[in-house]
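Reading the structure
What follows is the residue order along each chain.
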Amino acid sequence: MITSPIPPVVPAGQMAKMEQPVLALPSGLELRPWRVSDADALVAAAHEPGIRQWNRLFVTSQAEARERIERMHARWQNEQSALWAIAQPDGGQAVGLIGWGDIDLQGGSAEILYWLLPAGRGHGAMAEATQRVSRWAFDDLGLHRLRLCHAVANSASCRVAEKAGFSLEGTMRSALLHEDGWHDEHLHALVRGDI
Ligand SMILES: CC(C)(COP(=O)(O)OP(=O)(O)OC[C@H]1O[C@@H](n2cnc3c(N)ncnc32)[C@H](O)[C@@H]1OP(=O)(O)O)[C@@H](O)C(=O)NCCC(=O)NCCS
């Protein structure tokens, strides 16, 4: 066995034993685990042109949406991703998604994913949700560096990054293939101690 003098930033197994919390936002919205009954919202998101374009979300049926939601819970257990629904409290329907993908506990990093259905947009919800899940990632999970990547053409997402305090570190050329071709992406990041 190869042993490293550098310890893992977060020990393996730490996330799996945490229960996914419900996180309140200052605006009154909450972040809560996805439910199978949110399948409609996922199907609606996949049909929304902005989400389809920028999140590359393709879901064709209710059954596929339910499968994806079940996979979200499995991926928490496997310490791969941590995704929340954005919703009104007390059982409100999901209007958005936010959370961490590409979680690397050993290296202490993750990349944010988010979208909002049009009904939830226009009130700054994503900047506050981004700040809340970043706090969780540093304080509760113990990560060190958080990435936020978006197509340069996606100005709303760039503004969300700025408002949430993620510094722009550069442009990644031809970084992601979308339906309409390759897009350059901005790399923003937040490092423990920045907030
Ligand atoms: C990106 C997204 C989550 C932002 O939703 P939101 O939190 O409701 O954003 P808001 O409408 O409050 O706008 C946030 C900021 O961006 C600005 N903004 C919004 N649309 C913009 C546009 N087209 N161009 C430039 N700025 C824009 C707003 O003015 C606001 O800045 P301000 O507070 O300084 O005025 C939402 O638009 C969305 O889901 N879009 C489609 C999918 C997507 O882009 N996903 C992200 C992939 S990286």
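See above for the structure.
Rules of the game
- Residues numbered from 1 in each chain as written.
- Predicted model: local features only at pLDDT ≥ 70, side-chain atom pairs only at ≥ 80, totals over all residues.
- Heavy atoms only, no water.
- Near = heavy atom within 4 Å.
- Polar contact = N/O pair within 3.5 Å; in protein donor to acceptor, adjacent residues only side chain to side chain.
- Areas by Shrake-Rupley, 256 points an atom, 1.4 Å probe, with all protein chains shown as cover.
- 1 Å grid on protein atoms, 1.4 Å probe; cavity = no way out; pocket = protein on both sides within 12 Å on 5 of 7 lines; lining within 4 Å.
- Sits in = over half its atoms within 2 Å of the grid points.
- Core = buried A, V, L, I, M, F, W, Y, C linked by side-chain atoms within 4.5 Å.
- Buried < 20%, exposed > 50% of the residue type's maximum accessible area, 1.4 Å probe, protein only.
- Helix = DSSP H or I, 4+ residues; strand = E, 2+ residues; numbered from the N terminus.

Focus: the site of the ligand
- Looking at the ligand, there are 22 residues lining it, with Gly122, Gly124, Asn154, Arg159 and Lys163 nearest.
- With respect to the ligand, the backbone of Gly122 contributes an N or O atom lying 2.9 Å from an oxygen atom.
- A distance of 2.7 Å is found between an oxygen atom of the ligand and a side-chain nitrogen or oxygen belonging to Arg159.
- Summarising the interface, the protein chains cover 68% of the accessible area of the ligand, which totals 960 Å² for the free molecule.
- Assessed atom by atom at 2 Å from the grid points, the ligand resides in the largest pocket.

Considerations on the nonpolar core
- Residues Leu31, Trp84, Ile98, Trp100 and Trp136 are the most contacted members of the largest nonpolar core, which totals 35 residues.
- Mapped onto this core, the elements with two or more residues apiece are strand S3 (82-87), strand S4 (94-104), strand S5 (109-116), helix H4 (125-141), strand S6 (145-151) and helix H5 (155-163).
- Considering every element that reaches this core, the biggest residue donor is H4, with 8 residues.

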